[in-house]
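Spelled out from the first residue to the last, the chains are:
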Amino acid sequence: MLPLAEAAQTLRAAFERASRGLVEREVLVELVALAAVAGEHVLVVGPPGTAKSEAVRRVSAALGGRYFEYLLGRFTEPSELFGPVDLRQLREGRVETDTSGMLPEAEVAFLDEVFLGSTAILNTLLGLLNERRFRRGHTDVPVPLRVCVGATNLLPDEPALAAFADRFLVRAFIEGIPDPRLEDLLESGWALDRQPPQGGASIAHLDRLATAARDVDLSAVRPHLAHAVRLLRSSGISLSDRRIVKSQRLVAAAATLAGRTTATAADLWPVIYVVPTAEAQEVARDVLRDRLATSRNANVPAAAAEASLGPLARADRIAERGRQLLAAMPDRADAEAMGRWRLAAESVGRAIDATFDRDALPDELRQLRATLLRVISDAA
């Protein structure tokens, strides 16, 4: 059997490659990975044109999984997602669906404007997402779906749609790229089409982690999770019983992605992404700041850092950015490229100095800072 730590590191490397060129979308890529290990689904809320589908497409390519993507509308027919009725079976009086190449055969799926689906589509999706079964007419088959990402511009207000939205455990809220990173957006966007998504991992790696996550020992972290929920409730943030119970799956997945079979307080950070609105997530980060201070995960550092705002998680993310920069250092003869690289390296150094006192600097960041300073000085 593949060692747990090796599977986690392989996925980390694959998803790190998948997120290259996707400015400010590392968290989304890592949340899709977290949800896939937990056996849950992700709802992404944000404006059009913010690389939501591209991020999910790259996750699927990294895993080599069968992928399905569709933009739903008011007039979308169920057959456009699930497949047409099999006419041969229909002649014999059976309503069977030909699912070849459609959503019921996908391992990773992206459904844009997911709440625009008809009642028939949403009802079928409920069984497919929750029970991993596709039921339509006489067709009743298990599906291989590991993770589905639904996307929407706005959260729905209608009670029926809100109930459907609650089935997406993980909530990710994204915005357009901020002004300081517009140059990065232009450069990466220009090169994106010439850098096709790469693999490096497989569904087998994902399944190894998902299997391990189901057996994670949560006994030590449950009191911390219960107290976190009480703090959220005292701040006016209400979670359904379903979301509270299922949040344990994300905590277990975080531990597994860290290469461990026992969850600790360092794995509590996914509770932020269970909170259903962007405004409530901001409140939750503030309310749980002390509880999440020890959060960290070297294999999904961006998601852990954004959730917890804790020093250890931020250290992991800065270290990851520094390693990426050192690995991508251009030829020193290319003065223009080297100039851009030097600015990026200096920004990492400033992030280290702004986040940690020199005396409290973690050893890995101390070594990284020294390496960056040496390379910057040599390249000057």
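Residues numbered from 1 in each chain as written. Predicted model: local features only at pLDDT ≥ 70, side-chain atom pairs only at ≥ 80, totals over all residues. Heavy atoms only, no water.

Caption draft 1: Representation of the overall build of the protein chain within the structure. When its secondary structure is counted, the protein chain shows 16 helices and 7 strands. Projected onto the principal axes, the alpha-carbon positions of the protein chain cover approximately 75 × 50 × 45 Å. Every one of the 380 residues in the protein chain was classed for burial, and the buried ones make up 49%. A fraction of 73% describes how many contacts in the protein chain between residues 6 or more apart in sequence connect residues 24 or more apart. Accessible surface, the protein chain: about 17,800 Å² in total, of which carbon and sulfur atoms supply 52%. Here the protein chain carries 47 positive and 51 negative side-chain charges, and the mean point of each set is 4 Å from the other. (Helix = DSSP H or I, 4+ residues; strand = E, 2+ residues; numbered from the N terminus. Buried < 20%, exposed > 50% of the residue type's maximum accessible area, 1.4 Å probe, protein only. Contact = heavy atoms within 4.5 Å. Areas by Shrake-Rupley, 256 points an atom, 1.4 Å probe, with all protein chains shown as cover. Lys, Arg positive; Asp, Glu negative; His and termini not counted. Charge placed at Lys NZ, Arg CZ, Asp CG, Glu CD.)

Caption draft 2: Just the sheet that holds strand β2 (residues 67-71), in detail. Spatially, β2-β3-β6-β1-β7 is the arrangement adopted by the 5 strands of the open sheet, whose pairing is parallel. Unpaired on one side and paired on the other, β2 and β7 (170-173) mark the two borders of the sheet. Taken pair by pair, the neighbouring strands of this sheet meet at an average axis angle of 15°, ignoring direction. When strand β1 (residues 42-45) meets β7, the two strands line up parallel, connected through 4 bridges. Counted as the bridge partner of Leu43 is Arg171 from β7. Each of β1, β2, β3 (108-112) and β6 (147-152) is contacted by helix α3 (residues 52-63), which is oriented at about 170° to β3, the strand it contacts most. (Pairing = 2+ DSSP bridges. Axes fitted to C-alpha atoms, helices over the stretch in contact; angles between N-to-C directions.)

Caption draft 3: The arrangement of the packing of helix α2 (residues 26-38) against α3 in detail. The interhelical angle for the contact between α2 and α3, taken along N-to-C directions, is 50°, at an axis separation of 10 Å. When the interaxial angle is binned, α2 and α3 end up oblique. Judged by the sense of rotation from one axis to the other, the crossing of α2 with α3 is right-handed. Of α3, the residues touching α2 (which contributes Leu28, Val29 and Val32) are Lys52, Ala55 and Val59. Split by residue class, the contact of α2 with α3 holds 5 nonpolar, no polar and 1 charged. (Parallel < 35°, antiparallel > 145°, perpendicular 65-115°, else oblique. Left-handed = near helix turned anticlockwise from the far one by under 90°. Nonpolar A, V, L, I, M, F, W, Y, C, P; charged D, E, K, R; others polar.)

Caption draft 4: Quick peek at the packing of aromatic side chains. Using the criterion set out here, one finds 5 aromatic pairs in the structure. Pairing Phe164 with Phe168 gives two aromatic rings, centres 5.7 Å apart and planes at 80°, and the pair type is edge-to-face. With respect to class, Phe164 is no different from Phe168; both count as buried. (Phe/Tyr/Trp six-rings, centres within 6.5 Å; stacked < 30°, edge-to-face > 60°.)

Caption draft 5: View of the nonpolar core. Counting 75 residues, the largest nonpolar core has Phe15, Leu31, Leu34, Leu63, Leu209, Trp269 and Tyr273 as the members making the most contacts within it. Looking at which element gives the most residues to this core, the answer is α2, with 11 residues. Every residue in contact with Tyr273, bar those within four places of it in the chain, is listed here: Val27, Leu31, Leu169, Val170, Arg171, Gln281, Arg285, Ala303, Glu306 and Ala307. Among the nonpolar cores identified, the runner-up in size contains 26 residues, and Val114, Leu125, Cys148 and Phe168 belong to it. (Core = buried A, V, L, I, M, F, W, Y, C linked by side-chain atoms within 4.5 Å.)

Caption draft 6: Layout of the packing of α2 against helix α13 (residues 301-308). Where α2 meets α13, the axes come as close as 7 Å, and the angle between the chain directions of the two elements is 105°. The pairing of α2 with α13 is recorded here as roughly perpendicular in orientation. Residues Glu26, Val27, Glu30 and Leu31 of α2 touch α13, and the partners they reach there are Pro301, Ala302, Ala303 and Glu306. Broken down by class, the residue content of the contact of α2 with α13 amounts to 5 nonpolar, no polar and 3 charged.

Caption draft 7: Structural detail: α3. Here α3 is 12 residues long and its end C-alpha atoms lie 17 Å apart, about the 16 Å a rise of 1.5 Å per residue gives. When you tally the buried positions in α3, you get 10 out of 12 residues, the bulk of the element. Residues of α3 that are buried include every one of Lys52, Ser53, Glu54, Ala55, Val56, Arg58, Val59, Ser60, Ala62 and Leu63, and no others. A positive phi of about 70° marks Gly64, the residue just after α3. (Expected span 1.5 Å × (residues − 1).)

Caption draft 8: Layout of the pairing of strand β4 (residues 133-136). Two elements, β4 and strand β5 (residues 139-142), share 4 bridges in a ladder whose sense is antiparallel. Bridge pairing links Arg133 to Pro142 in β5. Counting the residues that bridge the hairpin from β4 to β5 gives 2 residues, and of these Gly137 lies at a positive phi of roughly 60°.

Caption draft 9: The arrangement of the environment of Ile318 in detail. With respect to the element layout, Ile318 can be found in helix α14 (residues 311-327). Residue Ile318 is classed as buried on the basis of its relative accessible area of 12%. Taking the C-alpha atoms as reference points, Ile318 and Ala305, separated by 13 residues in sequence, lie 9.6 Å from one another. In this view, Ile318 contacts Val348, Ala351, Ile352, Thr355, Leu365 and Leu368; residues no more than four positions away in its chain are not counted.

Caption draft 10: Highlighting the pattern of salt bridges. Evaluated as defined, the whole model comprises 18 salt bridges. Where Arg57 meets Glu69, a salt bridge forms, and the shortest distance between an N and an O atom there is 3.0 Å. Separated by 12 residues along the polypeptide, Arg57 in helix α3 and Glu69 in strand β2 bring together distant segments of the chain. The exposure class assigned to Arg57 is partly exposed, which follows from its relative accessible area of 30%. For Arg340, the salt bridge goes to Glu336, with nearest N and O atoms at 3.3 Å. Residue Arg340 and its partner Glu336 are located together in helix α15 (residues 335-355), separated by 4 residues, close to a single helical turn. When its relative accessible area of 40% is taken as the criterion, Arg340 is described as partly exposed. On the basis of relative accessible area, Glu336 is assigned to the exposed category, the value being 59%. Taken together, the salt bridges that share partners define one network made up of Glu54, Arg57, Arg58 and Glu69. (Salt bridge = Lys/Arg side-chain N within 4 Å of Asp/Glu carboxyl O.)

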